[in-house]
Protein chains: 2
Amino acid sequence: MAVAKYSEEELLGQLTQLFREYGFEGTSLSKICDVTGLVKASLYHRFPKGKDEMADTVLARADRIFAEQILRPLREPGDPKRRLAEVCAGLDKFYASGSCSCLLDTLTLSVDARGARKHARKSLQYWVASFAALSKEAGLPAELARQRGEDAVAAIQGALVVARVAGDRKAFRRALESLPERLLRK
Amino acid sequence: MAVAKYSEEELLGQLTQLFREYGFEGTSLSKICDVTGLVKASLYHRFPKGKDEMADTVLARADRIFAEQILRPLREPGDPKRRLAEVCAGLDKFYASGSCSCLLDTLTLSVDARGARKHARKSLQYWVASFAALSKEAGLPAELARQRGEDAVAAIQGALVVARVAGDRKAFRRALESLPERLLRK
DNA sequence: GTCTATAAGCAGATAGAC
DNA sequence: GTCTATCTGCTTATAGAC
């Protein structure tokens, strides 16, 4: 048996970068082979169901990172402002200060019958709910808190689109800085 | 000479819908043929440079509609609040209350060497500048007005992403309703 | 302006050796 | 676990008749 060129984790990191930059349809197996140095058959050994499975696995990994690393402070005790600041730091790192697109955006185009869209929906709803929980904890009524959470997520998604299209990452920084106001103001 | 099945305008409308839903890579010529009822050779007669030219033309048309119809009130005299309300009505119609994605998002993925990204950048900057002009007119300093314009556009783009991913168009409606506050508040 | 017919190349995918 | 070799179907693209 040949030696693995990459750990699963390393490989998923490379796939994540590709899907973020090129979307699902734009990320061809040939491109993946170029980047990873693996041939198609090797990729199919790791992901027997092909590109669909790669995208699903990449989404699942991003979910895990979001829940366990980035949004985790929201489920812990402590000062809301401080915990939100930790979340912002995590988001800034995850999106490389706005220079990386979000998989929830890039993987939800051109999806007729795959599970990616359903998966992305669940991920986004978890994100919104996490933000909403903090907002509610800060004293806002439940329905308003949910709106605040949704609008905060939308602010980040929009800033990422603007950053990609206009090449201006300052909007992303401002979106992060606006989160306390968006989620905690009465 | 055979009779044209569609006017240029009708054809571009169909192409626009496709590029909005599936992005550039996801919109294959076969899909276009299915939707339009034309065969590939007919499409190449209209767009000799192929899909790239279709995307460019679709972007240019969207630009024109935005400038001439949607953002036009911003360049005319009158009460800022009323003019902005007209713009919101135009945006609501253009994005079908949040059920259509934005070409600036869907056509800027997976673009290595085409002109679409450059074109999209110009379009987005014009949009931001138009919003900023209103904000400045309302009395805000130039740099702040530009930020407000950028954040307002980001709010709309983000709401469109949330609408697509979460299937919740209420966020888009709220984004439109928030525009006066975003652009005009002192 | 539309069509039929055709072509080269790349897409995703698989079998089997090492 | 990686590789070579192969395959089918779909991709973009073109030539030429009507």
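Here goes a summary of the coordinates provided.

Rules behind the numbers
Residues numbered from 1 in each chain as written. Chains lettered and ligands numbered in written order. Predicted model: local features only at pLDDT ≥ 70, side-chain atom pairs only at ≥ 80, totals over all residues. Helix = DSSP H or I, 4+ residues; strand = E, 2+ residues; numbered from the N terminus. Rg over C-alpha atoms; globule rule 2.2 N^0.38 Å. Buried ≥ 20, exposed ≤ 12 C-beta atoms within 10 Å, placed from the backbone. Contact = placed C-beta atoms within 7 Å. Near = placed C-beta within 6 Å. Nonpolar A, V, L, I, M, F, W, Y, C, P; charged D, E, K, R; others polar. Axes fitted to C-alpha atoms, helices over the stretch in contact; angles between N-to-C directions. Parallel < 35°, antiparallel > 145°, perpendicular 65-115°, else oblique. Core = buried A, V, L, I, M, F, W, Y, C linked by C-beta atoms within 7 Å. Least-squares fit on C-alpha atoms with pLDDT ≥ 70 in both.

## Details of the overall build of chain A
Okay, so step 1: Along its length, chain A carries 10 helices and zero strands.
Okay, so step 2: The helix and strand sequence of chain A, counted from the amino end, reads α-α-α-α-α-α-α-α-α-α.
Okay, so step 3: For 186 residues, the compact-globule formula gives about 16 Å, and the C-alpha radius of gyration of chain A, at 18 Å, lands near that figure.
Okay, so step 4: Across its three principal directions, the C-alpha atoms of chain A cover 60 × 35 × 30 Å.
Okay, so step 5: In chain A, buried positions account for 41% of the 186 residues.
Okay, so step 6: Restricting the contact set of chain A to residue pairs at least 6 apart, pairs at least 24 apart contribute 61%.

## Some words on the protein's contact with DNA strand D
Okay, so step 1: Looking at DNA strand D, there are 21 residues lining it, with Ala41 and His45 of chain A together with Leu29, Ala41 and Gly50 of chain B nearest.
Okay, so step 2: Secondary-structure elements contributing two or more residues to the surface near DNA strand D are helix H3 (40–46) of chain A together with helix H2 (29–36) and helix H3 (40–46) of chain B.
Okay, so step 3: Here the element with the most residues in the surface near DNA strand D is H3 of chain A; it accounts for five residues.
Okay, so step 4: Class assignment of the residues belonging to the surface near DNA strand D gives a composition of 11 nonpolar, five polar and five charged.

## Concerning the interface of chain B and chain A
Okay, so step 1: Counting from both sides, the interface comprises 33 residues of chain B and, opposite them, 33 residues of chain A.
Okay, so step 2: Looking at the side of chain B that touches chain A, the elements with two or more residues in it are helix H1 (8–26), helix H6 (103–106), helix H7 (116–137), helix H8 (142–166) and helix H9 (170–177) of chain B.
Okay, so step 3: The leading source of residues in the side of chain B that touches chain A is H8 of chain B, at 15 residues.
Okay, so step 4: When grouped by side-chain class, the residues that make up the side of chain B that touches chain A number 16 nonpolar, 10 polar and seven charged.

## Some words on the packing of H8 of chain B against H9 of chain B
Relative placement of two packed helices is described by the angle separating their axes and the distance separating the axes.
Residues and elements named next belong to chain B.
Okay, so step 1: Running from N to C, H8 and H9 point in directions that differ by 170°, and their axes come no closer than 8 Å. As the angle between them shows, H8 and H9 are arranged roughly antiparallel. In this structure, H8 uses Ala155, Ile156, Ala159, Leu160, Val162 and Ala163 to contact H9, whose residues at the interface are Ala171, Phe172 and Ala175.
Okay, so step 2: Looking at the contact of H8 with H9 residue by residue, the class counts come to nine nonpolar, no polar and no charged.

## Focus on the nonpolar core
Okay, so step 1: Within the largest apolar cluster, 107 residues are counted, with the highest numbers of intra-cluster contacts made by Ala159 and Val162 of chain A together with Ala159 and Val162 of chain B.
Okay, so step 2: The residues touching Ala159 of chain A, leaving out its near neighbours within four places in the chain, are Gly98, Ala171, Phe172 and Ala175 of chain A together with Ala154 of chain B.

## So, the protein's contact with DNA strand C
Okay, so step 1: Surrounding DNA strand C, one finds 21 residues, the nearest of these being Leu29, Ala41 and Gly50 of chain A together with Ala41 and His45 of chain B.
Okay, so step 2: Elements supplying a minimum of two residues to the surface near DNA strand C: helix H2 (29–36) and H3 of chain A together with H3 of chain B.
Okay, so step 3: The class makeup of the residues in the surface near DNA strand C is 11 nonpolar, five polar and five charged.

## Topic: the relation of the copies chain B and chain A
Okay, so step 1: When chain B is fitted to chain A, the best match, at an RMSD of 0.1 Å, comes from turning it 180° and sliding it 0.0 Å along the axis. In the structure described here, the two chain copies are related by an operation that fits a two-fold rotation axis. Identified as the residue of chain B closest to the rotation axis by C-alpha distance is Gly158 of chain B, at 1.7 Å.
Okay, so step 2: Most of the interface of chain B is mirrored in chain A: 100% of its interface residues are interface residues there too.

## Quick notes on unusual backbone geometry
Residue and element names in this part refer to chain B.
Okay, so step 1: A positive phi angle is found at Ala96, which is not glycine, with a value near 50°.
Okay, so step 2: Mapped onto the elements, Ala96 comes out in the loop between helix H5 (80–94) and H6.
Okay, so step 3: Residue Ala96 is classed as exposed on the basis of its C-beta count, with 12 C-beta atoms lying within 10 Å.
Okay, so step 4: Backbone geometry places Ser97, a non-glycine residue, at a positive phi of 55°.
Okay, so step 5: Within the fold, Ser97 resides in the loop between H5 and H6.
Okay, so step 6: Under the C-beta neighbour-count criterion, Ser97 is labelled partly exposed, with 15 such atoms within 10 Å.

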